[in-house]
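Below are the chains, spelled out letter by letter.
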Amino acid sequence: MRRALLVLVLVLATPSARGEEKGAAGSAKAAPEKAPAPQAGAAPAQPTDKPAAKAPESIPADEESCASCHTTDESMTLDLAGGEKLSLYVDRDAYARSVHGDMLRCTDCHADMDYPHQEKPYKTKRDMTVAFYEQCKKCHFANYTKTLDGVHYALMAKGNKQAALCVDCHGAHAIGRPTEPRTKISETCSGCHKGVYQTYVKSVHGKALVAGNPDVPVCTDCHKAHDIEDPRGGALSLRTADICGRCHTNQKLMARYGLSTNVVQTYLADFHGMAATLEKGKRAKGQGLLAPGCTDCHGIHDIQKVDDPTSPVVQANLVETCRKCHPDANRNFPKAWLSHYEPSWEKAPVVYAVQLFYNFMIPFMLAAVVLQIALHLWRVVVNR
């Protein structure tokens, strides 16, 4: 009995080859310790014929393990089935400077990128972009839901893979704040809308923006950023007075350039603005654009100063502008419109005099009518 117990103790105290392998695997996960220096004259360790322990099928990649491959070789690419080469290099410094650099790890966005990597069914680079489109909604759900009402999402839903997605505007790894610098916004849109951008940079707004003026509107100020409407539907033209009025009714902003803040007020007060207000229902249903909005006269992306020779509202070009809606307009036709001027003794004195007359006569006549009714009632009561 004592002999049997002694044998059992010796067996348990002797580590098996399998136990040694498990111990080595476990030590790899712990903090590495400095190996003891080999004794003098000791033979070097010989490689073993036993296979190494099988690695787990899925190891969540942390930032350092991803960076060890993807930030070291700029020429590292992946051959896609469609013949394109997908770059796998990530500029580590650019990502560190991005808005996500101090808060997101690689696997927060690339959650399905297990190690060793599995082959993905991406035929083109665009297929991969579309596949990762909805990763952004995990953090930016409010903006993601806005895109569902935008023209870009509508085009993508119809099968147009070239419609703009999050990374097309914001980038993938080197994502900066969208308004820094402000000029970058319109440059980003030019990636798809190059012709519109070239027209815009020649306008009064575009020239000022390129010169570094932060006060002028960029694409997203008029079209919005995520829930962008299709301008061809007519809905955008319904809001031109509101859109333009955001800047042109700002007294502090307009004072810098000596511009009037009454442009929206005078537009809504004349026959064009009144007709546009009354016809909003018809215009929303696509039944016609009978009353012009701001962009119908001043232009859309090619807006110039009102005294610029190429401006559609300068006196020499005004007749042609009016003929867009009034084909029979003659040279005297524009004189019936006061532009955005309010009547004064200097501008349209006859109109101003008539306005003063009515401003005095209408209250006087109303007061006289009220007085007459009051006297009549008083006489009725007295005669009783």
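Please read these numbers as outputs of a predicted model, since none were measured by experiment.

Peer 1: Quick one: what's the story with the side chain of His 272, residue by residue and with numbers?
Peer 2: Among the structural elements, His 272 can be located in helix α17 (residues 271–278). Its relative accessible area of 17% is what places His 272 among the buried residues. The contact partners of His 272, leaving out residues within four places of it in the chain, are Tyr 267, Ala 291, Pro 292 and Trp 337.

Peer 1: Now, about the confidence of the model for the protein chain: what can you tell me, with residues and values included?
Peer 2: Residues of the protein chain with pLDDT of at least 70 account for 81%, and the chain-wide mean is 79. Here helix α2 (residues 17–29) stands out as the element of the protein chain with the lowest mean pLDDT, 38, in contrast to helix α11 (residues 194–200), whose mean of 95 is the highest. pLDDT under 50 marks residues 1–61. Its contacts with residues more than four places away, or in other chains, come to twelve contacts.

Peer 1: For helix α14 (residues 240–248), give the residues involved together with the corresponding values.
Peer 2: Within α14 the residues assigned to the buried category are Thr 240, Ala 241, Ile 243 and Gly 245. As for α14, its buried residues are in contact with α13 (219–223), α16 (263–269) and α19 (294–298).

Peer 1: Kindly report on the packing of aromatic side chains, identifying the contributing residues and their values.
Peer 2: If you walk through the whole model with that rule in mind, you get five aromatic pairs. Taken together, a centroid distance of 6.3 Å and an interplanar angle of 35° make the contact between Phe 141 and Tyr 144 tilted. Remark: Tyr 144 and Phe 141 occur in helix α7 (residues 141–147); sequence separation between them is three residues, near one turn of the helix. Note on Tyr 144: relative accessible area 10%, which makes it buried. On the numbers, 5.7 Å between centres and 75° between planes, the contact of Phe 357 with Tyr 358 is edge-to-face. We classify Phe 357 as partly exposed; its relative accessible area is 47%. Among the aromatic residues, ring-to-ring pairing joins Tyr 133, Phe 141 and Tyr 144 into one connected group.

Peer 1: With reference to specific residues and values, describe unusual backbone geometry.
Peer 2: Positive phi values are uncommon outside glycine, yet Lys 224 reaches one of about 70°. The residue Lys 224 is located in the loop between α13 and α14 in this model. The exposure class assigned to Lys 224 is partly exposed, which follows from its relative accessible area of 28%.

Quick notes on the rules
Residues numbered from 1 in each chain as written. Predicted model: local features only at pLDDT ≥ 70, side-chain atom pairs only at ≥ 80, totals over all residues. Heavy atoms only, no water. Helix = DSSP H or I, 4+ residues; strand = E, 2+ residues; numbered from the N terminus. Buried < 20%, exposed > 50% of the residue type's maximum accessible area, 1.4 Å probe, protein only. Contact = heavy atoms within 4.5 Å. pLDDT = per-residue confidence, 0-100. Phe/Tyr/Trp six-rings, centres within 6.5 Å; stacked < 30°, edge-to-face > 60°.

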